[in-house]
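# Remarks on the overall topology
The lines below spell out each chain.
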Amino acid sequence: MSSPLPPVSQVGLRLQGLLRSRLPGCASSQLRRRRSLKAAAGISVPRPRQRMDGRRLRAAPASAASPPQLSSIQSVVLDIEGTTSPISFVTDVLFPYARDNVRKHLEATYGTDEIALLRAQVEQDLAEGLAGAVPVPPEEAGKDAVIDALVANVEAMIKADRKITSLKQLQGRIWRTGFEGQEIKGVVFDDVPPALEKWHASGIKTYIYSSGSREAQRLIFGNTTYGDLRKYLCGFFDTTVGTKREPRSYYEIWQSVGVDRPSQILFLTDVYQEATAAKAAGVEVLISIRPGNTPLPENHGFQTITTFAEILT
């Protein structure tokens, strides 16, 4: 397990020296040599010294005034809500759209596996005595009665912000209609697109890990006000890999992204419990401080950022 990042007076992590001369890229991205960082990322990176046999010499230790270096980071994993996107985008745009269109969607998909999955979830909720769960009548009661009950259950799930696969998949499919019809545009903070572009150019593989379904994630980043940002992303993880507050989930992500050690992954989130789980799995963590985010506990022990621009590549 990696040790916690040392405290600094001014947060500014320089992921400099993190790349080997060649790193595997994602999808069709070309491998970059380190000397391309200067042009791609807009920062000054000295040309590495070479030995007689052509191997690179190890860089001299950073001075005490330099920010700490994460010398082995090869992949970045990003949360969405409160990290890449305002919480208000989810609570004030996405959730209301799903709630307002759930009946129309269920009517259009009645009789499919999606309805069966929701019915099974409701039965589980009733067995556990969860508030807001109401029985769904049998098919013999008629389509309208079944949909009325399902809508009531879905509205209760949305209100409680349940992090369950059946709800997240349903929301993702409803949002697809909104994105395809240009009724919704994905919102990300202004500092996110340039950071994604720089990491991509530097050979750093970037992934999304959100409680929202992978379909919803692709819709958000494929239809932003900055255009399609999926070209900078290597993959998407959702609750099918595990919940975000369990260390096992981050272990599974490590096994999937193709790095040798979990400490070669940097996870950015706004949620203390998620940060704690990732740290327990050996992943490096930064906590995102954005407008509207839930305040962190005192003495939480994690390094924080307010913008991706503070992470210099």
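Residue numbers restart at each chain and count upward from 1, following the sequence in its written direction. With the structure being a predicted model, the display of local features is reserved for residues of pLDDT at least 70 and the display and counting of side-chain atom pairs for 80 or more, all residues being used for whole-chain, interface and lining totals. Each side-chain value is derived from all of the structure's non-hydrogen atoms; neither hydrogens nor water enter the calculation.

### Observations concerning the confidence of the model for the chain
Keep this limit in mind: Confidence scores here are pLDDT values: one per residue, from the predictor, ranging 0 to 100. The contact rule is simple, with two residues in contact once any of their heavy atoms fall within 4.5 Å.
With 77% of its residues at a pLDDT of 70 or more, the chain shows a mean pLDDT of 81. Confidence over residues 1-25 falls short of pLDDT 50; this stretch has 74 contacts with residues more than four positions distant or in other chains. Confidence drops under pLDDT 50 across residues 28-70; counting only partners more than four residues distant or on other chains, this segment forms 56 contacts.

### Thoughts on the sheet that holds strand β4 (residues 235-237)
By definition, the strands of a sheet pair up through backbone hydrogen bonds, in either a parallel or an antiparallel sense. Our working rule: Strand pairing requires that DSSP identify at least two bridges connecting the strands. Strands are runs of DSSP state E lasting at least 2 residues, helices are runs of H or I lasting at least 4, and numbering of each runs from the N terminus. To define axes, lines are fitted to C-alpha atoms, for helices over the stretch in contact only, and angles between the resulting N-to-C directions are given on a 0 to 180 degree scale.
The strand order across the open sheet built from 6 strands is β4-β3-β2-β5-β6-β7, with neighbouring strands paired in parallel fashion. Since the sheet does not close on itself, it has two edges, and those belong to β4 and β7 (304-305), each with one partner. Helix α7 (residues 214-222) contacts β3 (205-209) and β4 of the sheet and is inclined by roughly 135° relative to β4. Together, β2 (75-78), β3, β4 and β5 (265-269) form the strand contacts of helix α8 (residues 247-257), whose direction differs from that of β3 by roughly 145°.

### Considering the environment of Gly-301
Our working rule: Relative accessibility decides the category of a residue: with a 1.4 Å probe and only protein chains considered, values under 20% of the type maximum give buried, values over 50% give exposed, and everything between is partly exposed.
With respect to the helices and strands, the residue Gly-301 is situated in the loop between β6 (284-288) and β7. A relative accessible area of 52% places Gly-301 in the exposed class. Along the chain, Gly-301 and Tyr-272 lie 29 residues apart, while their C-alpha atoms are 9.8 Å from each other.

### A few points about the pattern of salt bridges
Inclusion rule: What counts as a salt bridge is simple: a side-chain nitrogen of Lys or Arg found within 4 Å of a carboxyl oxygen of Asp or Glu.
Across all of its chains, the model carries 14 salt bridges by this definition. Where Lys-163 meets Asp-161, a salt bridge forms, and the shortest distance between an N and an O atom there is 3.1 Å. The class for Asp-161 is partly exposed, based on a relative accessible area of 26%. As a salt-bridge pair, Asp-161 and Lys-168 come within 3.8 Å of each other at their nearest N and O atoms.

### Focus: the nonpolar core
Put simply, the rule is: Nonpolar cores were defined as sets of buried Ala, Val, Leu, Ile, Met, Phe, Trp, Tyr and Cys residues, with membership established by side-chain atoms within 4.5 Å.
Leu-106, Trp-175, Trp-199 and Leu-268 are the most contacted members of the largest nonpolar core, which has 53 residues in total. Not counting chain neighbours up to four residues away, the residues in contact with Leu-268 comprise Val-76, Val-77, Leu-78, Asp-79, Thr-83, Leu-286, Ile-305, Phe-308 and Ile-311. Counting residues in each nonpolar core, the second largest holds 19 residues, with Phe-267, Ala-277, Val-285 and Phe-302 among its members.

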